[in-house]
Every structure is written in C-alpha cells, then in structure tokens.
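Working through the structure, step by step
Okay, here's what each chain looks like letter by letter:
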Amino acid sequence: MRNQYLSMLVLLLSILACQSNTKDVTPNDGASVTEVAETKDLSGTWELTGFFNYKDNKVVDSFEMNPDFRQIKMYTEDKVMWCKHKAADSSDWFGYGTYTYDGDRLTEVLDFGSKVMDEVIADKKEFTYELLLTDNRFEQIELDEDGNRIYSENYKRIK
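The text that follows walks through the structure, step by step, so that each part is easy to find. What you see is a predicted model; the values in this text were computed from it and never measured.

**Focus: the nonpolar core**
Grouped together as the largest cluster of nonpolar side chains are 18 residues, with contacts concentrated most on Leu 42, Trp 46, Tyr 75, Leu 106 and Phe 138. Contributions of two or more residues to this core are made by strand S3 (44-55), strand S6 (79-86), strand S8 (105-113), helix H2 (115-123) and strand S9 (126-133). In terms of residues, this core owes the most to one element, S9, which gives four residues.

Here's what the structure looks like:
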C-alpha cells in the first residue's frame, strides 16, 4: 500500500513538473495549442562558421569560413564583445556593448571598438538582426529596410 502511495506521489509530481514548463498558446484560428516554454540563451562563446546570402528571403549562396580568419562573439547576461582575427591583416577589429534578445530579434548597441569600428559606431551604434537560435548554433540575419533578409553570419557555440 505504501508503495502505491509513493508511486502515485511520484507520478503526480512528474505531471506537475511538466505542467510548469508549458504554456497555452492560442493561434489566430482559435485552436488551443500547448507548447513547451523554452528559454534560448545566447550566453557563452560563439565562433563564426560561415555566411548565407539571401534573395527573396531564401538562401541562394553560402560560404564557409576561411581557416586563416576567425571571428568570436562572447555574450554574458547583457554584454556582448566580438573580435576578428585575420592573419594577413594587421588592423584590429573588435566591438563591445550591450545587447537585448526578444526571441527573434537581436539588438546590439556598441559602446566602443577598435579604431575602425569606432568610426562605424560614430555613425551607427545600434545593430538589429533577425536571430534564429538553437542550443549550439545561431544565425544573425541582416535585414533591408523592407524587412527582407540580405545575409547572415552563422555561429556555433564553442563554450
């Protein structure tokens, strides 16, 4: 009898734990759909792996990274820093600032950067991208003034 109560308690706690990780979503058609609430986290260290070029919002070309070139991005809870390294180029490329992420939009506001980036920051501090994020990869997609995809930088998590 005691084992039955214990089993029922474990089952009940499991059900309650699962329910606390779901939310009810009502699509435009009025139907109710339950989806798992998932917080995707940018915190960590990411390395650029390649690029996609878009036409009519579809990928038309892709490029992998040249092994002589590296770009790393690091995100903390609310700060971002990125740096580029290209063996054949002696110029420094880095930027530092804050970021926000609302589920599909990433906005980075740079405070300062390398000499070249400071010139860019003098004209434009805020950069907004469409973001497609999974646990270990993300695409940072540049949009034109009409909201159409132009190109993306594609990253993998390295830490």
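Right, picking up where we left off after that structure.
**Structural notes on the packing of aromatic side chains**
By the definition in use, this model includes five aromatic pairs. With a centroid separation of 4.8 Å and an interplanar angle of 70°, the aromatic rings of Trp 46 and Phe 138 are classed as edge-to-face. Residue Trp 46 is found in strand S3, and its partner Phe 138 is found in strand S10 (residues 137-143); the two are separated by 92 residues along the sequence. Accessibility assignment for this pair places Trp 46 and Phe 138 in one class, buried. Between Tyr 75 and Phe 138, the aromatic rings sit 6.2 Å apart at their centres with planes inclined by 70°, giving edge-to-face as the arrangement. On the criterion of sequence distance, the pair formed by Tyr 75 in strand S5 (residues 69-75) and Phe 138 in strand S10 is long-range, its members being 63 residues apart. In this structure Tyr 75 comes out as buried when scored by relative accessible area, which is 3%.

**Concerning the pairing of strand S4 (residues 58-64)**
Here S3 runs beside S4; their pairing, made up of six bridges, is antiparallel. Bridging across to S4, Phe 52 finds its partner in Ser 62. Joining the antiparallel neighbours S3 and S4 is a turn of two residues, in which Asp 56 adopts a positive phi near 55°.

**Digging into the pattern of salt bridges**
Here the structure, examined in full by the defined rule, presents three salt bridges. With a shortest N-O distance of 2.8 Å, Glu 47 and Arg 70 are connected by a salt bridge. On the criterion of sequence distance, the pair formed by Glu 47 in strand S3 and Arg 70 in strand S5 is long-range, its members being 23 residues apart. Under the relative-accessibility criterion, Glu 47 is labelled buried at 14%. We note a salt bridge from Lys 73 to Glu 108, for which the minimum N-O separation is 2.7 Å. Of this pair, Lys 73 sits in strand S5 while Glu 108 sits in strand S8, and the two are 35 residues apart along the sequence. Like Glu 108, Lys 73 is buried.

Conventions and cut-offs
- Residues numbered from 1 in each chain as written.
- Predicted model: local features only at pLDDT ≥ 70, side-chain atom pairs only at ≥ 80, totals over all residues.
- Heavy atoms only, no water.
- Core = buried A, V, L, I, M, F, W, Y, C linked by side-chain atoms within 4.5 Å.
- Buried < 20%, exposed > 50% of the residue type's maximum accessible area, 1.4 Å probe, protein only.
- Helix = DSSP H or I, 4+ residues; strand = E, 2+ residues; numbered from the N terminus.
- Phe/Tyr/Trp six-rings, centres within 6.5 Å; stacked < 30°, edge-to-face > 60°.
- Pairing = 2+ DSSP bridges.
- Salt bridge = Lys/Arg side-chain N within 4 Å of Asp/Glu carboxyl O.

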